[in-house]
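# A structural walkthrough
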Amino acid sequence: MWYVMIALDVPDSGSKRQVARPAHRARLQVLHEAGRLLLAGPFPAIDAEDPGPAGFDGSLIVAEFENHEAARAWTDADPYVEAGVYQEVQVRPFCKVLP
């Protein structure tokens with residue numbers, strides 16, 4: 001089943017994001033190569049694709065897992081969680097309808 005991970009950053013998370021980003025992206029790449037990643041990306045802190053110094057203030061990941069517990073365990077082990085980037089992470093089941 002698909003699960004959506006909605007994460008909101010702690011204030012001023014930019015430097016923590018930069019340090020943990022390579023490991024975070026590597027884990028996403030593993031899901032992608034396994035055909036289990038629907039989409040992933042950050043939330044710009046301002047209304048712009050490239051927020052510049054404003055940076056990002058959260059993330060969205062939609063990926064396939066066996067069950068909610070597996071999705072939560074994967075999320076809890078994310079380098080951004082371990083680095084203290086996220087202040088809150090929701091993991092919810094998701095039904096893909098379109099496209």
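For the structure itself, look to the data block above.
The sections below set out a description of the structure shown in this document. Model, not experiment: these values are computed from the prediction. (Residues numbered from 1 in each chain as written. Predicted model: local features only at pLDDT ≥ 70, side-chain atom pairs only at ≥ 80, totals over all residues. Heavy atoms only, no water.)

### Points about the pattern of salt bridges
Scanning the entire structure with this criterion turns up 3 salt bridges. For the salt bridge of Arg 27 with Asp 78, the shortest nitrogen-to-oxygen distance reads 3.5 Å. Of this pair, Arg 27 sits in helix H1 (residues 14–33) while Asp 78 is found in the loop between helix H2 (68–76) and helix H3 (79–82), placing the two residues 51 residues apart along the sequence. Note on Arg 27: relative accessible area 19%, which makes it buried. For the salt bridge of Arg 72 with Asp 76, the shortest nitrogen-to-oxygen distance reads 3.2 Å. Here Asp 76 and Arg 72 lie together in helix H2, a separation of 4 residues that amounts to about one turn. (Salt bridge = Lys/Arg side-chain N within 4 Å of Asp/Glu carboxyl O. Helix = DSSP H or I, 4+ residues; strand = E, 2+ residues; numbered from the N terminus. Buried < 20%, exposed > 50% of the residue type's maximum accessible area, 1.4 Å probe, protein only.)

### Quick look at the side chain of Asp 9
Tracing the backbone through its elements, the reader meets Asp 9 in strand S1 (residues 2–9). A residue is classified by how much of its surface remains accessible, and Asp 9, at 7% relative accessible area, is buried. For Asp 9, the side chain forms a polar contact with the side chain of Ser 13, separated by 2.6 Å. Apart from residues no more than four positions distant in its own chain, Asp 9 is found in contact with Arg 17, Phe 56, Asp 57, Gly 58, Val 85, Tyr 86 and Gln 87. (Polar contact = N/O pair within 3.5 Å; in protein donor to acceptor, adjacent residues only side chain to side chain. Contact = heavy atoms within 4.5 Å.)

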